[in-house]
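# Commentary on secondary and tertiary structure
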Amino acid sequence: QVQLVESGGGLVQAGGSLRLSCAASGRTFSSYSMGWFRQAPGKEREFVAAISGSGGYRYFADSVKGRFTISRDNAKNTVYLQMNSLKPEDTAVYYCAADRRLAPTRLILEYDYWGQGTQVTVSS
């Protein structure tokens, strides 16, 4: 069982930056690939970024490519999402998720554990 707790959300003006963190419980964090997803009001949850267990492979949604970066610190059992050049359309609840497979995926159904989410609001 893995428990995930996100933090770092908040209110920011367009063009600003935020860094989200996701702390994971357990001793096998490096064996999980990790993903970030988001869900805006009235919309389906969508893929944002994912990273392999070693951190060597990363994937991004086209909508955030070049603006967001995903990283992880396996010694701290934490994955990060650095969000730069934020836009109002980035407003959503952001969730981190863990997948027992090492290869990262953008498929929501592949993820085994989810955090409770953290709100990100970008004002125009």
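All chains use their own residue numbering, which begins from 1 and follows the written sequence. Whole-chain, interface and lining totals are the exception, using all residues; otherwise, since this is a predicted model, local features are given only for residues with pLDDT of at least 70 and side-chain atom pairs are given and counted only at 80 or more. Values shown for side chains rest on all heavy atoms present in the structure; no hydrogens or waters enter the calculation.

## Thoughts on the packing of aromatic side chains
Put simply, the rule reads: Each pair of aromatic rings taken from Phe, Tyr and Trp, with Trp reduced to its six-membered ring, is defined by centres within 6.5 Å and is described as stacked if the planes are under 30 degrees apart, edge-to-face if over 60, and tilted in the remaining cases. Per the convention used, a helix needs a DSSP run of H or I reaching at least four residues, while a strand needs a run of E reaching at least two, with both numbered from the N terminus. Classification of residues uses two cut-offs on accessible area relative to the type maximum, computed with a 1.4 Å probe and protein chains only: under 20% is buried, over 50% is exposed, and between them is partly exposed. The rule is short: NZ of Lys or CZ of Arg within 6 Å of the ring centre and within 35 degrees of the ring normal puts a charge over the ring.
The final tally for this structure, using the stated rule, is 5 aromatic pairs. Relative to Trp 114, the ring of Phe 37 lies with its centre 5.0 Å away and its plane at 55°, an arrangement referred to as tilted. Taken together, the residues Phe 37 in strand S4 (residues 33-39) and Trp 114 in strand S10 (residues 113-114) connect sequence positions 77 residues apart. On the basis of relative accessibility, which here comes to 27%, the residue Trp 114 falls in the partly exposed class. For Arg 72, the ring lying beneath its charged end belongs to Phe 29, and the centroid distance is 4.4 Å.

## With respect to the pattern of salt bridges
Defined as follows: Here, a salt bridge means any side-chain nitrogen of Lys or Arg that lies within 4 Å of a carboxyl oxygen of Asp or Glu.
On inspection of all chains with the given rule, the structure shows 7 salt bridges. Of the charged contacts, one joins Arg 67 and Asp 90 as a salt bridge, the two residues approaching to 2.7 Å between their closest N and O atoms. Of the two residues, Arg 67 sits in the loop between strand S6 (58-60) and strand S7 (68-73) while Asp 90 sits in the loop between strand S8 (78-83) and strand S9 (92-99), which places them 23 residues apart along the sequence. Each member of the pair, Arg 67 together with Asp 90, is buried. Among the ionic contacts, a cluster of salt bridges with common partners joins Arg 38, Glu 46, Arg 67 and Asp 90.

## Regarding the pairing of strand S5 (residues 46-51)
Rule in force here: At least two bridges found by DSSP between two strands are what make those strands a pair.
Among the 6 residues of S5, 5 are classified as buried, and the element is accordingly described as predominantly covered. Pairing between S4 and S5: 5 bridges, direction antiparallel. Among the inter-strand pairings, Met 34 is bridged to a residue of S5, identified as Ile 51. Counted along the chain from S4 to the antiparallel partner S5, the turn is 6 residues long, and its residue Gly 42 has a positive phi close to 75°. Two elements, S5 and S6, share 3 bridges in a ladder whose sense is antiparallel. When the sheet's bridge partners are listed, Ala 50 is paired in S6 with Tyr 59.

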